[in-house]
Amino acid sequence: QVTMPADERNVVSFGRFYVGSRPGAVAEVADRAGAGDGTMSEVVTIENHGSVLSGHPVVHEWVIPPPLARNWAGVDTRQSVILQVKGDSMVPTLKPNDRVLVDRTDTIPSDEAVYVIDEGHGPKVKRVRIIAGSRPLMLSIKSDNPNASSWKSPVDSVTIIGRVRMVITTQI
C-alpha cells in the first residue's frame, strides 16, 4: 500500500462519493478495464481528519457539468468513475485506450448492457445480462469482438462495479 497526503481527492473508495476539486468532477483511476484482462492498481491509504480511507489512486480528474451528466448520461458524477480500456475484445464498441464513464450505482444487469466487472483478476469491461431461469443464477458475459471469448459465470462469483454510461474516445 501507498500512504498519500491527507486529501480525499487522491483516492476513490468504491463505497463513497468522490469529492472532486469542482462540481461535476469525475475521478479517472489508475485501474484499466480490460476488454480481456484488466489491471488493478495498488490500493492506497490516506489519513483524513482522523479517519483512514482506502481506495484506488486518482490519475486524472475530468469535469462533466452535473446537469449534462444527469440528463445525457443518467449519472451522478460523485458516484461515477472513469476507467481506461485495455485490449480489443470489445471492438468495435470500445477500442484500446478509450475511457468509459462508469455509473457505480447501477450494479444489477437489467438488459444486455456494457458493465465493468471483476471476477478476481482485475476489472473487465463486457456485455452482461442475467440468464433468466438459471439455477444457480448465472450471468452471460460477452465480448463484442467475434474473435474474443464469451462465457457464463454464477452471479455470486462476479462483482459488478457499474454500468458503462458514456465512452470517451480519440478514435473516430
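Residues numbered from 1 in each chain as written. Predicted model: local features only at pLDDT ≥ 70, side-chain atom pairs only at ≥ 80, totals over all residues. Heavy atoms only, no water.

**Student:** Explanation requested: the nonpolar core in the structure shown.
**Tutor:** Nonpolar side chains tend to gather and get buried jointly when the protein is soluble and globular. Ranked by internal contacts, the top residues of the largest apolar core, which has 14 residues, are Leu 83, Leu 94, Val 100, Val 102, Val 116, Val 125 and Val 164. Those elements that place two or more of their residues in this core are β3 (25-34), β6 (80-86), β7 (99-103), β8 (113-118) and β12 (159-168). For this core, the element with the most residues is β6, which contributes three residues. (Core = buried A, V, L, I, M, F, W, Y, C linked by side-chain atoms within 4.5 Å. Buried < 20%, exposed > 50% of the residue type's maximum accessible area, 1.4 Å probe, protein only. Helix = DSSP H or I, 4+ residues; strand = E, 2+ residues; numbered from the N terminus.)

**Student:** How should I be thinking about the environment of Pro 109 in this particular structure?
**Tutor:** Mapped onto the fold, Pro 109 is located in the loop between β7 and β8. Sequence separation of Pro 109 and Val 128 is 19 residues, and the distance between their C-alpha atoms is 6.6 Å.

**Student:** Looking at this structure, I do not really get a nonpolar patch on the surface. What am I missing?
**Tutor:** The grouping of Ile 108, Ile 130 and Leu 137 at the surface amounts to a nonpolar patch, some 260 Å² of accessible area in total. Along the chain, the position of Ile 108 falls in the loop between β7 and β8. Residue classification places Ile 108 among the exposed positions, given a relative accessible area of 61%. (Patch = residues over 30% accessible without salt bridge, like charges linked within 9 Å, V, L, I, M, F, W, Y side chains within 5 Å. Areas by Shrake-Rupley, 256 points an atom, 1.4 Å probe, with all protein chains shown as cover. Salt bridge = Lys/Arg side-chain N within 4 Å of Asp/Glu carboxyl O.)

**Student:** What's the story with the pairing of strand β10 (residues 138-142) in this structure? I'm lost.
**Tutor:** Within a regular strand, the side chains alternate between the two sheet faces. For β10, the tally of buried residues reaches four of five residues, placing the bulk of the element in the interior. Two strands pair when backbone bridges link them, and strand β9 (residues 123-131) and β10 are joined in this way by five bridges, in the antiparallel orientation. Residue pairing for β10: Arg 129 is matched across the bridge by Ser 140. Taken together, β9 and the strand that follows it, β10, pair antiparallel across an intervening segment of six residues, in which Gly 133 is found at a positive phi of about 80°. (Pairing = 2+ DSSP bridges.)

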